[in-house]
Amino acid sequence: MLVLGVESSCDETAVALVRDGREIVASTVLSQVDAHRPFGGVVPDLAAREHVRNLAPVLDSVLRAAGAARPDAVAVTDSPGLQAALLTGIAGAEGIALAYGVPLVGVNHVEAHLTAPFLAAGEWPRHPFISLVVSGGHTHLFHSRSAGDHRLLGATIDDAAGEAFDKVAKMLGLGFPGGPALQRAAADGNPQAFRFKRPLLGPQSLDFSFSGLKTAVLYTCFGQETDGRPRRQLPEGMRAADVAASFQATVVDVLVEKARRAVEQTGIQRLAVGGGVACNGPLRAGLTVAAAQHGWELLLAPPALCGDNAAMVAARGFELLRSGLGRAPKVSPRTTWPRESAAPTP
Ligand code: KG4
Ligand code: ZN
């Protein structure tokens, strides 16, 4: 079965064709990063306009790359995300499904991220597994029990890890998007230059908190003006690279430790990791070392499938159809997976 995936939940317009949920036939991701850069972050209405402009050319490039292949179903991200952005993808996907006369299935973006590591390995998700989704909107740990049952084990109580990367990068003047820029700057820095407190929220907790860390960076490095406003320049002799490396090391330590706890508390030794922050080199290295040390099976999405893409949406759509869980797209005003809910498929 060939599933055509459509992704437009944030600032990437993406279309892909995936065969049997395991083989990527064609995939295109068009990033809007240049359009949003002048604003230092994603502007929702601008994102929607860009999706409208880009969806047809992206679809065209995928269909051309796939030759004569015709989809048997269409899968589209319907939540969580920026509502106006989601609606553009859903409207487009409805048109495509209608034109081909094939079913349309709605996909949860977070569930698509946790499918990506398996797609990369050329296989279907093997349950049960622990999944860590680390992105600009999510830092969520799940116990994935079956295709339709992802139990939330822990989540950020404030900023997502990617959001913290973006904000600290902005503070340090490293540019947008912040995560990759911060990683590049950190490569030249000393991760032990500053000892930021690891926000672990108690010995058992699987929740995350990055907002205090962000404030700690702000006050350690920038201090305050006499009127209480934060100073905007690093003091003489302090290097942005050292701050970036120390911040990054703190986030990595926390993510690896929480993943370790989740595996220990559930006894499930298989960990799947996806989302944009999973591109981060030191995080990948930290997880790889921990997996080797503790004997976990680690499925890390490759960088091309960590950030937003439509191949993971198509693969998740296939999984839903195969499991009899396919449903029509339903837009929800939620921008993230709800913390309060442990229910499957919010
Ligand atoms: O999954 P994604 O593309 O979009 C969301 O669903 O949010 O993730 C984007 C996030 C951004 O916050 C970005 O700064 C972060 O992933 N990111 C990184 C790296 N590459 C992307 N964070 C740290 N290190 C990276 N190399
Ligand atoms: Zn995402």
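Look a little higher up for the structure.
Heads up: these notes are all about the structure in this document. (Residues numbered from 1 in each chain as written. Chains lettered and ligands numbered in written order. Predicted model: local features only at pLDDT ≥ 70, side-chain atom pairs only at ≥ 80, totals over all residues. Heavy atoms only, no water.)

The subject of this paragraph is the packing of helix α2 (residues 44–65) against helix α3 (residues 83–100). The description of two helices packed together rests on the angle between their axes and the distance between the axes. Interaxial distance between α2 and α3 falls to 9 Å at its minimum, and their mutual angle equals 35°. Pair α2 / α3 crosses with right-handed handedness. Here Ala48, His51, Val52, Leu55, Leu59 and Leu63 of α2 lie close against α3, whose contacting residues are Ala84, Ala85, Thr88, Gly92, Ile96 and Tyr100. Considering only residue class, the contact of α2 with α3 consists of nine nonpolar, three polar and no charged. (Axes fitted to C-alpha atoms, helices over the stretch in contact; angles between N-to-C directions. Helix = DSSP H or I, 4+ residues; strand = E, 2+ residues; numbered from the N terminus. Left-handed = near helix turned anticlockwise from the far one by under 90°. Contact = heavy atoms within 4.5 Å. Nonpolar A, V, L, I, M, F, W, Y, C, P; charged D, E, K, R; others polar.)

Right, let's talk about the coordination of the zinc ion (ligand 2) for a bit. Coordination sphere of the zinc ion (ligand 2), protein contribution only: His109 (NE2), His113 (NE2) and Asp308 (OD), at 2.0 to 2.1 Å. If you look at the zinc ion (ligand 2), its four donor atoms make angles of 92 to 141° with each other, and the shape they trace is irregular. Spacing between the donor residues of the zinc ion (ligand 2) along their common chain follows H-x3-H-x194-D. Separated by 195 residues along the polypeptide, His113 in helix α4 (residues 109–113) and Asp308 in the loop between α11 (303–306) and α12 (311–322) bring together distant segments of the chain. There is no split in this pair, since His113 and Asp308 are both buried. (Donors = N, O, S within 2.8 Å, 3.2 Å for Na, K, Ca; no water. Tetrahedral: all angles 85-135°; square planar, octahedral: opposite > 155°, others 65-115°. Buried < 20%, exposed > 50% of the residue type's maximum accessible area, 1.4 Å probe, protein only.)

Let us now look at the sheet that holds strand β7 (residues 139–146). Spatially, β8-β7-β6-β9-β10 is the arrangement adopted by the five strands of the open sheet, whose pairing is mixed. Sheet topology places β8 (149–155) and β10 (297–300) at the edges, where each strand pairs with a single neighbour. Across the sheet, the mean angle from the axis of one strand to that of its neighbour is 25°, orientation sign disregarded. Looking at chain direction, strand β6 (residues 129–134) and β7 are connected through six bridges and run antiparallel. By the bridge assignment for β7, Ser131 is matched with Phe142. (Pairing = 2+ DSSP bridges.)

Position of Phe247 among the secondary structure elements: in helix α9 (residues 240–266). The class of Phe247 is buried, set by a relative accessible area of 0%. When the C-alpha positions of Phe247 and Thr266 are compared, they lie 29 Å apart, and in sequence the two are 19 residues distant. The contact partners of Phe247, leaving out residues within four places of it in the chain, are Ala164, Phe165, Val168, Leu182, Phe196, Leu213 and Val217.

Look at helix α10 (residues 281–294): 20 Å from first C-alpha to last across 14 residues, which is about the 20 Å you get at 1.5 Å a residue. Those residues of α10 that sit buried are Leu283, Arg284, Leu287, Ala290 and Ala291. The buried residues of α10 occupy an angular sector of 135° when the element is viewed end-on, so they sit on one face. For α10, exposure combined with an orientation more than 90 degrees from the buried face picks out Ala292 and Gln293. Here the buried face of α10 lies against β6, α9, β9 (270–274), β10 and α11. (Expected span 1.5 Å × (residues − 1). Arc of directions from axis to C-beta.)

Within this structure, the stated rule accounts for 21 salt bridges. Note that Arg198 and Asp253 form a salt bridge whose closest N and O atoms lie 2.8 Å from each other. With Arg198 in the loop between α7 (178–186) and α8 (211–222) and Asp253 in helix α9, the pair connects residues that are 55 residues apart, well separated along the chain. Overall, Arg198 belongs to the buried group, its relative accessible area being 17%. (Salt bridge = Lys/Arg side-chain N within 4 Å of Asp/Glu carboxyl O.)

Our focus in this paragraph is the sheet that holds strand β2 (residues 12–19). Spatially, β3-β2-β1-β4-β5 is the arrangement adopted by the five strands of the open sheet, whose pairing is mixed. The open sheet has two free edges, formed respectively by β3 (23–31) and β5 (104–108), since each of these has just one partner strand. Taken pair by pair, the neighbouring strands of this sheet meet at an average axis angle of 20°, ignoring direction. The pairing of strand β1 (residues 2–7) with β2 spans six bridges and is antiparallel. Counted as the bridge partner of Gly5 is Ala16 from β2. Contacts from α2 reach β1, β2 and β3, with the element oriented near 25° to β2.

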